[in-house]
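One letter stands for each residue in the lines below.
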Amino acid sequence: MPGDTLRVSGQLLSTNHQDFYPYSRYIYLECIDQKDSLLLRQKVACDERGYFYTAVPTQFEWESNICYLRAYTRLMQNYSIESFAVAPFLLGAIHPKKKDITQDIHGVFYPEGGKLLNGFQQNVVFRLTDDDGFPISTADAFLLDEKNDTIRHHIIVSENGLGKMTFLPEASKQYRLLVEYNNRFFTFPLQTDSKGASLQAVINRERLSCRLLSNEEGKHYRLFLYHSHKGLQEIPFHTGQKVAAIELSNYPKGILVVFLMDKDLNLLSERLLWLEKPEVSQTTFNCSLSQRIVSPQSPLQFQLDSPHNSTVFIRIAQQDDLLATQAYSSFWLGGEILSPVRFPLINSQIQEEQETELNQWLYTARFILFSPETVLKEGINFPYPIEDGLFLKGTAWKRKDKPFGPGLIDAQNKKDLSFYTGEINQEGYFVLPVDNYPEGTGFLLISKNNKGKTVNSSFTLAEEIYPKIIIPNPLFTKTRLQTDIIVGDTIIRYSVDEDQQRIYHIDNITVQSRKSANIQEMSRTPNNFIGEETLKKWPGKSVRSLLNNFTAIKITKGGSGSGEGIIKRQNALARNQSRISNGEMRREEGETTITWKASGKYSFFNGDIAPLNVVINGEVIFSNIDHILEWAAGDIKSIELIRPTDTRCTIYGTPNGAIAIETLKEPRIYENDPLGEMVYPFGLTITDKQPAKHIKAPSQPGKYRLLIDVITDDKRIISFNKEFEVK
């Protein structure tokens, strides 16, 4: 639910499957909504084995719907954005339960090589699903032509809704898949092509055989092969027969991708294959679940004989949860290929009967690590190096338009008082390696000339470059997300339509609700709220100028003596001491403050002139606010005047009101210091608490899966899938 905290754990492994240890030491973890908007970003450190654990707090104002966690490293930024690890989750909603009988089914075709050419015998995989994305496996499928003659009959459909057929399409004929389901018939037409080129490939006894399907001469084409250990290489083929053969005895287990390209290196077709290798004799271990029927919230009694120093990930998913995945597929297949179809769940290592399902699933996937056309034409560069340490990077300025340098820079971590020093070059640029520090840590920066004399300088930190936010395969685009409301003994379900309005389902009655009113939005006026649309019209205006629109407040500069300019903080400080210790709320006389006007309703607070605190993205700022008042409207999402009667004053600990500012990007809050300047770079999210070792059954009755992934010290990944029921 919005406001809950997600516990996220994972493991970063190197791209070389034989090498356990990761290259990068830091993970960027992002929370993204269904509109591809960034909700939260964290930077997390992993240990020497690549393991990391963090807490991701969600916010009450986040919209209930599908959200995604995306993880990547700086090294991964050199590759395609689609190759980043993405894990979906539902916030404040649940996916509809699988119906015993569905009203409609959908079919999608995946021809071998991506194109179904007339005149060549080819393989085609199809997938059958219901409206909510659940696979249809209880159907009987037939392939018919335009005369209703049966070309293929009783095609097997797996439990994942996948089926495969082989036939030779003719240019003069039209084809359709006929599916019989629950005594009803559904038809899906196949699209064939008379021109173009495609690929066929098969692996047999560690030998790859490829065939080009085209009516043109073979000299017009080139073949390339990709494997993570061998890279991208061109492979020769017989231009007359349009065939190629490659020996794979020295290729490790993993994905092979064959690319068919024209002479100008434009991609025409690709074929993905799985190269299996006999497992080296290793100690095996088992997982067993003692009870298949358990009581709600009772501890799950399972036995896992995992090797010493293994990393174990345990979670529970509903039996028909389409979001549930396992580490085995993520390790071997993730980052290189992508499919809109979930990888079939496996139990222990891939068994012989699962190879057919895997090979069919590969028809639905595509290669996404990089563009072979771009690499072959332009090569590949790596602008983002391996990030194995933290750095303070930026520019020192003597004046606003003139950098300071050459010289020296000193940096002090104000939390742990660690000290660092480095050089500033002639352009004012500096790079300073520092130890790991948590988010919110302030660094005091001081510049010196080459003789060691302190120089009055200002500093700007280098802007980090983050990848574009894209979710390659958004989930459940047509799905009716649902949630349950329990009122007494009655359970009310509601779904969310395309206008984000709730539709309630009570027994057999469906009620369309009106759009809920937001009390805060209704109370907003030009005198207490400035929104994003208005701010876009004045991108150059400062916050100080914008606050002049709020007629109930004024900005004052404190001084000595008596009068309105003096802000008496002692009483307010004493009342708020439970929240702020060590006098952090106290401001020095002479600082800029925001107060209610003397004639206003809230001008006095217990007899004192009442100052308003500034709240930036939910965090109360107790330092000097002069720099905040100079922020530009173009960087701000909204500014709101919060009155003492607003309940948010209790949350923020600002009983006399506040100025709440939401920014479009993370603000750099700094403080001036007599010896230098304080900066607050993007730090690490550090979580000391570790996941619980035990796991309990869900509280609601139903059928579930216990999913366990084990990453051993010798870099084997073994997954278990155990079904149980809560009664």
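1. Points about the overall build of the protein chain
Phase 1: Regarding its fold elements, the protein chain presents nine helices and 51 strands.
Phase 2: Scored against the burial criterion, the 727 residues of the protein chain give a buried share of 46%.
Phase 3: For the protein chain, contacts bridging at least 24 residues in sequence account for 67% of all contacts bridging at least 6.
Phase 4: Counting every atom, the protein chain has about 38,000 Å² of accessible surface; 48% of that belongs to carbon and sulfur.

2. Quick word on the nonpolar core
Phase 1: Trp274, Leu333, Ile337, Trp361 and Phe367 are the most contacted members of the largest nonpolar core, which has 35 residues in total.
Phase 2: Elements supplying a minimum of two residues to this core: strand S4 (51-57), strand S16 (221-227), strand S19 (254-262), strand S20 (267-275), helix H1 (327-332) and helix H2 (355-362).
Phase 3: Those residues in contact with Phe367 that lie beyond four places of it in its chain are Tyr226, Val257, Phe259, Glu270, Leu272, Glu336 and Ile337.
Phase 4: Listed in part, the 23 residues of the second largest apolar core include Ile530, Ile621, Ile636 and Leu641.

3. Re the sheet that holds strand S10 (residues 150-155)
Phase 1: Strands sit in the order S10-S9-S12-S13 across an open sheet of four strands; the sheet is antiparallel. Pairing within the sheet leaves two strands with one partner each, and these edge strands are S10 and strand S13 (184-189). Each neighbouring strand pair of the sheet contributes to a mean axis angle of 20°, computed without reference to strand direction.
Phase 2: Direction of pairing for strand S9 (residues 140-145) relative to S10: antiparallel, over a ladder of three bridges. Each bridged residue has a counterpart across the sheet, and for Leu143 the counterpart in S10 is Arg152.

4. Some details on the confidence of the model for the protein chain
Phase 1: Of all residues in the protein chain, 83% attain a pLDDT of 70 or more, and the chain-wide mean is 83.
Phase 2: Per-element mean pLDDT across the protein chain ranges from 33 in helix H7 (residues 570-575) up to 96 in strand S31 (residues 429-434).
Phase 3: For the stretch residues 483-490, pLDDT sits under 50, and the model shows 17 contacts to residues farther than four places along the chain or on other chains.
Phase 4: In this model residues 559-587 is a low-confidence stretch, pLDDT under 50, and it forms 48 contacts with partners more than four residues away in sequence or in other chains.

5. Re the pattern of salt bridges
Phase 1: Considering all chains together, one arrives at 23 salt bridges under this definition.
Phase 2: Among the ionic pairs, Glu30 bridges to Arg41, the shortest N-O distance being 2.9 Å. With Glu30 in strand S2 (residues 26-33) and Arg41 in strand S3 (residues 38-45), the pair connects residues that are 11 residues apart, well separated along the chain.
Phase 3: Judged by its relative accessible area of 0%, Glu30 is buried.
Phase 4: For Arg41, a relative accessible area of 22% puts it in the partly exposed group.
Phase 5: Across the pair Lys43 and Glu387 runs a salt bridge, and its minimum N-O distance is 2.8 Å. Of the two residues, Lys43 is situated in strand S3 and Glu387 in the loop between helix H3 (372-378) and strand S27 (390-399); the sequence distance between them amounts to 344 residues. Glu387 carries the same exposure label as Lys43, and that label is buried.

6. As for the environment of Trp332
Phase 1: Mapped onto the elements of the fold, Trp332 is located in helix H1.
Phase 2: Trp332 sits in the buried class, given a relative accessible area of 13%.

7. As for the packing of aromatic side chains
Phase 1: Going through the model one piece at a time under the given rule, you end up with 15 aromatic pairs.
Phase 2: Centroid distance Tyr72 to Phe84: 4.7 Å. Interplanar angle 20°. Geometry classified as stacked. You can see Tyr72 sitting in strand S5 (residues 65-72) and its partner Phe84 sitting in the loop between S5 and strand S6 (85-91), a full 12 residues away along the chain. Each member of the pair Tyr72 and Phe84 is classed as buried.
Phase 3: Summarising the aromatic geometry, the rings of Tyr704 and Phe724 are spaced 5.9 Å apart at their centres and angled 25° between planes, so their arrangement reads as stacked. One end of the pair, Tyr704, is in strand S50 (residues 702-711); the other, Phe724, is in strand S51 (residues 717-726), and 20 residues separate them in sequence. The pair formed by Tyr704 and Phe724 is uniform in burial state, with each residue classed as buried.

8. Considerations on H2
Phase 1: For H2, the full list of buried residues reads Glu357, Leu358, Gln360, Trp361 and Leu362.
Phase 2: Elements in contact with the buried residues of H2: strand S8 (122-129), strand S11 (162-167), S19, S20 and strand S25 (337-338).

9. Focus: unusual backbone geometry
The phi torsion of most residues other than glycine is negative, and most of the peptide bonds are trans.
Phase 1: For the bond from Gly405 to Pro406, the omega torsion is 0°, close enough to zero to count as cis.
Phase 2: Structurally, Pro406 is set in the loop between strand S28 (402-403) and strand S29 (407-413).
Phase 3: With phi around 55°, Glu206 is a residue other than glycine that occupies positive phi space.
Phase 4: With respect to the secondary-structure elements, Glu206 resides in the loop between strand S14 (198-203) and strand S15 (207-213).
Phase 5: Positive phi outside glycine occurs at Gln297, with the angle close to 65°.
Phase 6: Position of Gln297 relative to the elements: it lies in the loop between strand S22 (293-294) and strand S23 (302-304).

10. Thoughts on the sheet that holds S15
Phase 1: Reading across from one edge, S14-S15-S18 is the order of the three strands in this open sheet, with antiparallel pairing throughout. Since the sheet does not close on itself, it has two edges, and those belong to S14 and strand S18 (243-247), each with one partner. Here the strands of the sheet are splayed against their neighbours by 15° on average, with no regard to which way each runs.
Phase 2: With six bridges connecting them, S14 and S15 associate as antiparallel partners. Of the residues in S15, the one forming a bridge with Val202 is Ser209.

11. Looking at a nonpolar patch on the surface
Phase 1: Among the surface-exposed residues, Phe391, Tyr429 and Val431 lie close enough to one another that they form a single nonpolar patch of about 250 Å² accessible area.
Phase 2: Structurally, Val431 is set in strand S31.
Phase 3: Relative accessible area serves as the criterion here: at 39%, Val431 is assigned to the partly exposed category.

12. Some thoughts on the side chain of Thr54
Phase 1: One can find Thr54 in strand S4.
Phase 2: Classification of Thr54 as buried rests on a relative accessible area of 0%.
Phase 3: Within polar-contact distance, the side chain of Thr54 engages the side chain of Gln42 at 2.8 Å.
Phase 4: When near neighbours in sequence (up to four residues on either side) are disregarded, Thr54 contacts Leu6, Arg7, Val8, Leu29, Gln42, Val44, Thr685 and Thr687.

13. Let's talk about the pairing of S51
Phase 1: Of all 10 residues in S51, eight are buried; the element is thus mostly enclosed.
Phase 2: Relative to S51, S22 is paired through two bridges, and the arrangement is parallel. Residue pairing across strands places Val294 opposite Val726, the latter belonging to S51.
Phase 3: Judged from the 10 bridges that link them, S50 and S51 form a sheet pairing that is antiparallel.

The rules behind each value
- Residues numbered from 1 in each chain as written.
- Predicted model: local features only at pLDDT ≥ 70, side-chain atom pairs only at ≥ 80, totals over all residues.
- Heavy atoms only, no water.
- Helix = DSSP H or I, 4+ residues; strand = E, 2+ residues; numbered from the N terminus.
- Buried < 20%, exposed > 50% of the residue type's maximum accessible area, 1.4 Å probe, protein only.
- Contact = heavy atoms within 4.5 Å.
- Areas by Shrake-Rupley, 256 points an atom, 1.4 Å probe, with all protein chains shown as cover.
- Core = buried A, V, L, I, M, F, W, Y, C linked by side-chain atoms within 4.5 Å.
- Pairing = 2+ DSSP bridges.
- Axes fitted to C-alpha atoms, helices over the stretch in contact; angles between N-to-C directions.
- pLDDT = per-residue confidence, 0-100.
- Salt bridge = Lys/Arg side-chain N within 4 Å of Asp/Glu carboxyl O.
- Phe/Tyr/Trp six-rings, centres within 6.5 Å; stacked < 30°, edge-to-face > 60°.
- Patch = residues over 30% accessible without salt bridge, like charges linked within 9 Å, V, L, I, M, F, W, Y side chains within 5 Å.
- Polar contact = N/O pair within 3.5 Å; in protein donor to acceptor, adjacent residues only side chain to side chain.

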